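The residues making up each chain are set out below.
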Amino acid sequence: MARISLDLAHSYRPNPQRDEDFALLPLKMTFEDGGAYALLGPSGCGKTTLLNTVSGLVTPSQGSVSYDGRDVTGLTPQQRNIAQVFQFPVIYDTMTVAENLAFPLRNRGVSPDRIKQRVGQIAEMLEMSDQLNMRAAGLAADAKQKISLGRGLVREDVSAVLFDEPLTVIDPHLKWQLRRKLKQIHHELKLTLIYVTHDQVEALTFADEIVVMTRGRAVQIGSASDLFERPRHTFVGNFIGSPGMNFLPARGTGTGIEIAGRTLAAPTPELAGLAEFTLGVRPEYVELAAENAPGAVPAVVTQVQDIGTYWLITAQAGSGANASAIRARLSPDERIPAVGAHVWLSIVDTHTCFYLNEELIA
Amino acid sequence: MKPVNQKAWLLILPVILCVAFSAIVPLMTVVNYSVQDIISPERRVFVGTEWFKWVMRDEDLQGALLRQIGFSLSVLIVEIPLGIALALSMPAKGWRSSAVLVTVAISLLIPWNVVGTIWQIYGRTDIGLLGATLAGLGFDYNYTGHSLDAWLTVLAMDVWHWTPLVALLCYAGLRAIPDAYYQAARIDGASKFAVFRFIQLPKLRGVLMIAVLLRFMDSFMIYTEPFVLTGGGPGNSTTFLSQYLTQKAVGQFDLGPAAAFSLIYFLIILLLCFVLYNWMQRVGTQDKSGAGHE
């Protein structure tokens, strides 16, 4: 187990010039010992590259990786003592399930008794005890992936266990079960776990700390509620939540702020002085308001959807160049306005965030 | 009830006709010859299984069969490991891999009789590089005079000619292994040998099966190269089955025994391929029985 610090950048090209040449832009990050982390971002954002620099499969083109302060940049995954589970099941075809699980231990010369004991424990945990003597090649994809997971967890002394979208091939029902298992293992063994995924639900339920990445950059590191309440970057606001945050263009008028053609009181004096910025508010915090209520803007409902446990309405505020869409989540108990209805929506309160050049300012 | 339409048989009629014309009817001609003594085009006598009995007792033929089996096994034992080793040491990408691929494939493009001629000259002690070198090193090498030298030269020639095929097949098989396997092996701390033993070799099963069957069948029917190089000699030390058969059928015009033997020949190849195929399909795929899992 180790505390992992990164201070690096990586490019797959020999002479990176522009930002686009980098798979990972310069970043500094620390994974605390025993933490459960998720790397979350869309495909191609660099999360797998980041994971591979941690494990040592990729050597960063600049900067360093250190474990507990010891520089391990030039070391192999084996020397770093890392366990990693990949997106698609990797099993050794000619071995039985038990031999597969024992393989990482056997390569390190662990005693046969100890191997037997560990393999037994892991098999028990993954509910594969009755399949130990079966040839691994003949099993279904999800059983194979469970073997891969098992091989990642079978060593107890690892610096960290890394997961690269390990549940992609697993049935949804089993996914929940395995995720809960991983969480349980984390509590029991106090291993450092880093989990790569593009599924926000998976990230939010699994990890204590989530690293949101986009275009080779880690834009925010925080807990699930941090990411939800105070997205530091408009990308996070958009990516986390379903649907994502509403963003409306706004400008300061000197004394207040103007949004969708209506002037509201400025939450902070600095905002009133800014020429142009963006207001962000989660659909969960947009509410129907009384006419001319403070912090509310008038809008015309354009779409009403029943999402099951709640209603999602989309309304258009302002007109012409000022027009912008606002989505609101309303509970079924409320009076749901019909399409075409004129409503007032409160958008400025304590949950509202303000962004300048995509970065959070207030 | 599913509707049954017997007219569908008409659709496979063209295939049946083609196969009959190109394979079944000629094969039946051979069967026909094998049970008759053809004395002249007008005179023939039905002899039943006489030729089969005769052929099976023929000691020359038994000798050729044993030589043939020994040769084919030697070919497999040398070419398969050598081909795998070659494929493993070939570069995986870049211009080097293309250059190596083309170089390796050159011998496959040479016609059989030319290969025989090349080696005939190559092995000569007066003007051939191989023969002269061996003679210069003090070996008493003479492929036209010594049985063992002749046999080894034919084997070397086949290895030279066909190992690249095994290497190319294995190379293709190796390139088809996803990177994740190698990454997982690095994470699991596998040694180079373990990577070969537990990842590369099992993943090569399919292509190796094709390589083994192809090399087995081809070497079992080898004709042109030894014919050009040694003519089956010295004595009959390099007379393999096909050459013996040709001598019988074309040289002595013993159509009956030749036909009987070619049927046996056919069955031997079929049987051995069947055994090889099943063995390779099965090896290393069974579940373990018993409670222990060591």
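Residues numbered from 1 in each chain as written. Chains lettered and ligands numbered in written order. Predicted model: local features only at pLDDT ≥ 70, side-chain atom pairs only at ≥ 80, totals over all residues.

1. Focus on the interface of chain A and chain B
The partner chain B presents 21 residues to the 28 residues of chain A that form the contact. Sorting the residues of the side of chain A that touches chain B by element identifies α2 (77-80), β6 (82-85) and α3 (97-107) of chain A as the ones contributing at least two each. Here the side of chain A that touches chain B gets four residues from one element, more than from any other, and that element is α3 of chain A. Looking at the side of chain A that touches chain B residue by residue, the classes come out as 16 nonpolar, eight polar and four charged. (Contact = placed C-beta atoms within 7 Å. Helix = DSSP H or I, 4+ residues; strand = E, 2+ residues; numbered from the N terminus. Nonpolar A, V, L, I, M, F, W, Y, C, P; charged D, E, K, R; others polar.)

2. Observations concerning the pairing of strand β20 (residues 353-356) of chain A
Residues and elements named next belong to chain A. The pairing of strand β14 (residues 277-281) with β20 spans three bridges and is classified as antiparallel. Its bridge partner being in β20, Gly 280 is matched across the sheet by Cys 353. Here two bridges tie β20 to strand β21 (residues 359-360), and the two strands are oriented antiparallel to one another. Bridge assignment links Leu 356 to a residue of β21, and that residue is Glu 359. Between the end of β20 and the start of β21, which pair antiparallel, lie two residues, with Asn 357 showing a positive phi angle near 50 degrees. (Pairing = 2+ DSSP bridges.)

3. Side note on the nonpolar core
Residue and element names in this part refer to chain A. Formed by 77 residues in total, the largest nonpolar core has its most connected members in Tyr 37, Ala 38, Leu 39, Ala 160 and Ile 194. Ignoring anything within four residues of it in the chain, the contact list for Ala 160 reads Ala 2, Ile 4, Ile 82, Leu 191, Thr 192, Leu 193 and Ile 194. Judged by nonpolar contacts, the second largest core, of 26 residues, contains Ile 257, Val 301, Ile 313 and Tyr 355. (Core = buried A, V, L, I, M, F, W, Y, C linked by C-beta atoms within 7 Å. Buried ≥ 20, exposed ≤ 12 C-beta atoms within 10 Å, placed from the backbone.)

4. Points about helix α7 (residues 147-175) of chain B
Taking 1.5 Å of rise per residue, 29 residues should cover 42 Å, and α7 of chain B covers 42 Å from first to last C-alpha, within 8% of that figure. Roughly 40 degrees is the biggest bend found in α7 of chain B, and it falls at Trp 162 of chain B, with proline Pro 164 of chain B one to four residues downstream. (Expected span 1.5 Å × (residues − 1). Bend = angle between axes of the 7 residues up to and from the residue.)

5. Describing the sheet that holds strand β7 (residues 160-164) of chain A
Residues and elements named next belong to chain A. Taken together, the six strands give an open sheet; going across it, the order is β6-β7-β8-β3-β9-β10, and neighbouring strands pair in mixed fashion. Sheet topology places β6 and β10 (217-222) at the edges, where each strand pairs with a single neighbour. Adjacent strand axes in the sheet meet at a mean angle of 15 degrees when their direction is disregarded. For strand β3 (residues 36-40) and strand β8 (residues 193-197), the ladder comprises five bridges, and the chain directions are parallel. Of the residues in β8, the one forming a bridge with Leu 39 is Val 196. (Axes fitted to C-alpha atoms, helices over the stretch in contact; angles between N-to-C directions.)

6. Brief notes about the pairing of strand β4 (residues 62-67) of chain A
Residues and elements named next belong to chain A. Direction of pairing for strand β1 (residues 4-10) relative to β4: antiparallel, over a ladder of six bridges. From the neighbouring strand, Asp 7 faces β4, where its bridge partner is Ser 64. Where β4 lies against strand β5 (residues 70-71), two bridges are found, and the strand directions are antiparallel. What sits directly across from Ser 66, in β5, is Asp 71.

Remember, this is a structural readout, not a statement about activity or role.
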